[in-house]
Amino acid sequence: MSRSPFAGLRGRCARALPAAAVAGLCLVLTACGGNTPKTFSTTGRPFLPPDAAPAGGFDNLHQEAYGHVVENDFRRAAETPLSTFSADVNTASYSNVRRFLNEGQLPPADAVLLAEMVNDFPYRYPAPAGDAPVSLTLDLGPCPWAPTHKLARVGVRARTLDDHETPPRNLVFLVDTSGSMEGPTRLPLVKQSLALLVGRLTANDTVSLVTYAGDAGVRLRPTRGDRRDRILAAVNALGTGGGTNGEGGIRLAYTVARECFLPDGVNRVVLCTDGDFNLGLTSEGELTRLIERERRSNVFLTVLGFGTGNLKNGTLEQLANNGNGHYAYIDTLDEARKVFVEQGAALVTVAKDVKFQVEFNPARVGAYRLLGYENRLLKDEDFKNDAKDAGDVGSGHTVTALYEIVPAGVPLDLPGVDPLKYQTPTVPSEKPSGEWLTVKMRYKHPTAETSREVAAVLPEGAAGRPAGDDFRFAAAVAEFGLLLRDSPYKGTASYDGVLQRATAALGDDGNGHRREFVELVTRAKRLAASMEHARAE
């Protein structure tokens, strides 16, 4: 067997270059089918030749991985009256999209997840009543990108725990210190982000630090939360180098969490990584099954993605979704402050396995389409199955789901099937003809295994109520996502329309997040116009 001319290159490169650079360099060289290298990029930005490092260093080489997203289709309410899905509090997509736009490029379509875009922003839903951990709110308004359609909003607000209500926390920081974490937007940003979280801990909390590269190890044994200097000294001492044995790190972190388990407290692993696992279990399926087994210990998971160039977004999202978790992408220290300071109490879960089942009234609704949640869809029979895992909601979190509704009688060209031979078509009941839909929500107390159910109805008169700032802003964010995805369902959506609607719906924007959104839309509009101009030439 002939020896590749590049055999041994990885070993020699490893002595001179960061691991991330070696990976990109070897991929480019291996792809050379002669004198001209082939290029690969999820973003449209080509890899550079090995002798030309980009301005920002090899951190900018793009080998990012996103799961393929097929948007939900319209469903006829008469044929499929139920829509069932799990709650989703992930917010990674919005900050990742922001990072692409700030770098001067439009994001790849599969990086744009409509539910995560909308849920990145808090909305002013009514607080839960009594001792309920969550509230359920429904409203209806016009659909900006389809004038003859409606937009229904399902909103949930979790109870915000006061400081004296916050239970003690057993937190295990699990930090990826492999070579791929070298660079200012990776391990250094991890350290700054964790410092913000450490600053909010108390003597009732316990912190441990586990790291993994070629192997995994405990860098800080369980330490009281108010011993901040000791915790930060351990975090700040971390350096990078070696492979990425994520499997070993995950197993060790959960072992440490179980050893310090608080029956009446919060038990959580906080994973900080770019998701580039290359030792031990490496496939998304294997790692997901590992997380599913570990979650049985009732230890929850927060996944924080860092870095550019080789972010494995799909893997990190699946780990969070299957680990009773939450996934956020940290592109700046401001985003870390938003996650840990503004939403810091969300580390405390108040309701787990939150599911929704929406029943549409065919007398009012001809067809409907759920925006986003493609990887959170459930079978209808899973709704009451308490053994079926679903999303968890933390203190202060809001969850929003949007449905595009085609009112009964409004034409919509949908593929159909021949009439059934052995069954009589179901005739819609006339009794609830004034209602648009009914939403049922099930949830469990964080330590319970039996769910509770609440329900709400969207009445006939909902269509005549004026849409508030929150509703209109959420619709603008969804419209922006449709444009970035170049969705086949974007209808009459336009950047100008998004700007007009979002600007008019800023409302009380104390943290400036909505104003930042308007700036991002303006940037995306310019980039899209430049691409159109380039294609026309």
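Quick note: structure is the one above.
Residues numbered from 1 in each chain as written. Predicted model: local features only at pLDDT ≥ 70, side-chain atom pairs only at ≥ 80, totals over all residues. Heavy atoms only, no water.

Draft legend 1. Representation of the pattern of salt bridges in the model. The full count for this structure, using the stated rule, is 31 salt bridges. Notably, a salt bridge pairs Lys352 with Glu449, separated by 3.1 Å at the nearest N-O pair. One end of the pair, Lys352, is in strand S11 (residues 349–360); the other, Glu449, is in the loop between strand S15 (437–444) and strand S16 (452–458), with 97 residues separating them in the sequence. Assessed through its relative accessible area of 4%, Lys352 is described here as buried. Judged by relative accessible area, Glu449 falls into the exposed class, the value being 53%. Arg501 is the partner of Glu479 in a salt bridge, and the nearest nitrogen-oxygen pair spans 2.9 Å. Note that Glu479 is positioned in helix H11 (residues 469–485) and Arg501 in helix H12 (residues 495–504), a separation of 22 residues in sequence. The exposure class assigned to Glu479 is buried, which follows from its relative accessible area of 0%. Taken together, the salt bridges that share partners define one network made up of Arg98, Asp331, Glu335 and Glu516. (Salt bridge = Lys/Arg side-chain N within 4 Å of Asp/Glu carboxyl O. Helix = DSSP H or I, 4+ residues; strand = E, 2+ residues; numbered from the N terminus. Buried < 20%, exposed > 50% of the residue type's maximum accessible area, 1.4 Å probe, protein only.)

Draft legend 2. Quick look at the environment of Tyr495. Looking at the element boundaries, Tyr495 is found in helix H12. Taking the relative accessible area as the measure of exposure, Tyr495 reaches 13% and is therefore buried. Here the alpha-carbon distance between Tyr495 and Ala524, two residues 29 residues apart in the chain, equals 8.1 Å. For Tyr495, the residues in contact, after removing those within four places along its chain, are Phe480, Leu483, Leu484, Val521, Ala524, Lys525 and Ala528. (Contact = heavy atoms within 4.5 Å.)

Draft legend 3. Structural context of the packing of aromatic side chains. Taken as a whole and assessed by the stated rule, the structure comprises 14 aromatic pairs. Considering the side-chain rings of Phe480 and Tyr495, the 6.3 Å spacing of their centres and the 70 degrees angle between planes classify their relative orientation as edge-to-face. In this pair, Phe480 is assigned in helix H11 and Tyr495 in helix H12, connecting sequence segments 15 residues apart. Each member of the pair, Phe480 as well as Tyr495, is classed as buried. Among the aromatic residues, those joined into a cluster by ring pairs are Phe85, Phe356, Phe360, Tyr368, Tyr373 and Tyr403. Lying over the aromatic face of Phe100, Arg99 brings its terminal NZ or CZ to 4.3 Å of the ring centre. (Phe/Tyr/Trp six-rings, centres within 6.5 Å; stacked < 30°, edge-to-face > 60°. Lys NZ or Arg CZ within 6 Å of the ring centre and 35° of its normal.)

Draft legend 4. Quick peek at the environment of Leu290. With respect to the element layout, Leu290 can be found in helix H8 (residues 284–294). Note on Leu290: relative accessible area 0%, which makes it buried. Linking Leu290 and Gly323, residues 33 residues apart in sequence, is a C-alpha distance of 9.3 Å.

Draft legend 5. Up close: the nonpolar core. In terms of nonpolar packing, the biggest core is built from 42 residues, with Trp145, Phe480, Leu484 and Phe517 touching the most fellow members. Of all elements in the fold, only helix H3 (92–102), helix H4 (114–119), H11, H12 and helix H13 (513–536) reach the threshold of two or more residues within this core. Looking at this core element by element, the count peaks at 11 residues for H11. Apart from residues lying up to four places away in sequence, Trp145 is in contact with Leu151, Leu371, Glu404, Ala475, Ala478, Glu479, Leu482, Tyr489, Lys490, Gly491, Thr492 and Ala493. Counting residues in each nonpolar core, the second largest holds 39 residues, with Ala158, Tyr373, Val393 and Val439 among its members. (Core = buried A, V, L, I, M, F, W, Y, C linked by side-chain atoms within 4.5 Å.)

Draft legend 6. Expanded view of the side chain of Glu294. As for its position among the elements, Glu294 is in helix H8. Within polar-contact distance, the side chain of Glu294 engages the side chain of Arg258 at 2.7 Å. Those residues in contact with Glu294, other than ones at most four positions away along the chain, are Arg251, Tyr254 and Arg258. (Polar contact = N/O pair within 3.5 Å; in protein donor to acceptor, adjacent residues only side chain to side chain.)

Draft legend 7. Geometry of the pairing of strand S10 (residues 325–329). For S10, the tally of buried residues reaches 5 of 5 residues, placing the bulk of the element in the interior. Residue alternation in S10 divides its side chains into two sets, Gly325, Tyr327 and Tyr329 and His326 and Ala328, and both sets are buried. Across 5 bridges, the pairing between strand S9 (residues 300–305) and S10 is parallel. Of the residues in S10, the one forming a bridge with Leu304 is Ala328. Traced from S9 through helix H9 (residues 313–322) to S10, the parallel crossover comes out right-handed. (Pairing = 2+ DSSP bridges. Right-handed = clockwise from strand over helix to strand, strands pointing away.)

Draft legend 8. Representation of the sheet that holds S9 within the structure. Read from one edge to the other, the open sheet built from 6 strands follows the order S7-S6-S5-S8-S9-S10, with strand pairing classed as mixed. Sheet topology places strand S7 (216–224) and S10 at the edges, where each strand pairs with a single neighbour. Each strand axis lies, on average, 15 degrees off the axis of its neighbour in the sheet, ignoring direction. Across the sheet, helix H5 (residues 187–198) is in contact with strand S5 (169–176) and strand S8 (266–273); its angle to S5 comes to roughly 170 degrees. (Axes fitted to C-alpha atoms, helices over the stretch in contact; angles between N-to-C directions.)

Draft legend 9. Quick peek at the packing of H5 against helix H6 (residues 228–236). One can describe the packing of H5 onto H6 by two numbers: an axis separation of 10 Å at closest approach and a directional angle of 165 degrees. Taken together, H5 and H6 sit at an angle that is classed as roughly antiparallel. Pair H5 / H6 crosses with right-handed handedness. In this structure, H5 uses Lys191, Leu194, Ala195 and Val198 to contact H6, whose residues at the interface are Arg228, Ile231, Leu232, Val235 and Asn236. Considered class by class, the residues forming the contact of H5 with H6 number 6 nonpolar, 1 polar and 2 charged. (Parallel < 35°, antiparallel > 145°, perpendicular 65-115°, else oblique. Left-handed = near helix turned anticlockwise from the far one by under 90°. Nonpolar A, V, L, I, M, F, W, Y, C, P; charged D, E, K, R; others polar.)

Draft legend 10. Summary view of H3. Where burial is concerned, most of H3 is hidden: 10 out of the 11 residues are buried. Ala92, Ser93, Tyr94, Ser95, Asn96, Val97, Arg98, Arg99, Phe100 and Leu101 are the residues of H3 that are buried. Looking at the buried positions of H3, the neighbouring elements they touch are H4, H9, S10, helix H10 (333–342), H11 and H13. Once H3 finishes, Gly104 follows within two positions and takes phi at roughly 90 degrees, a positive value.

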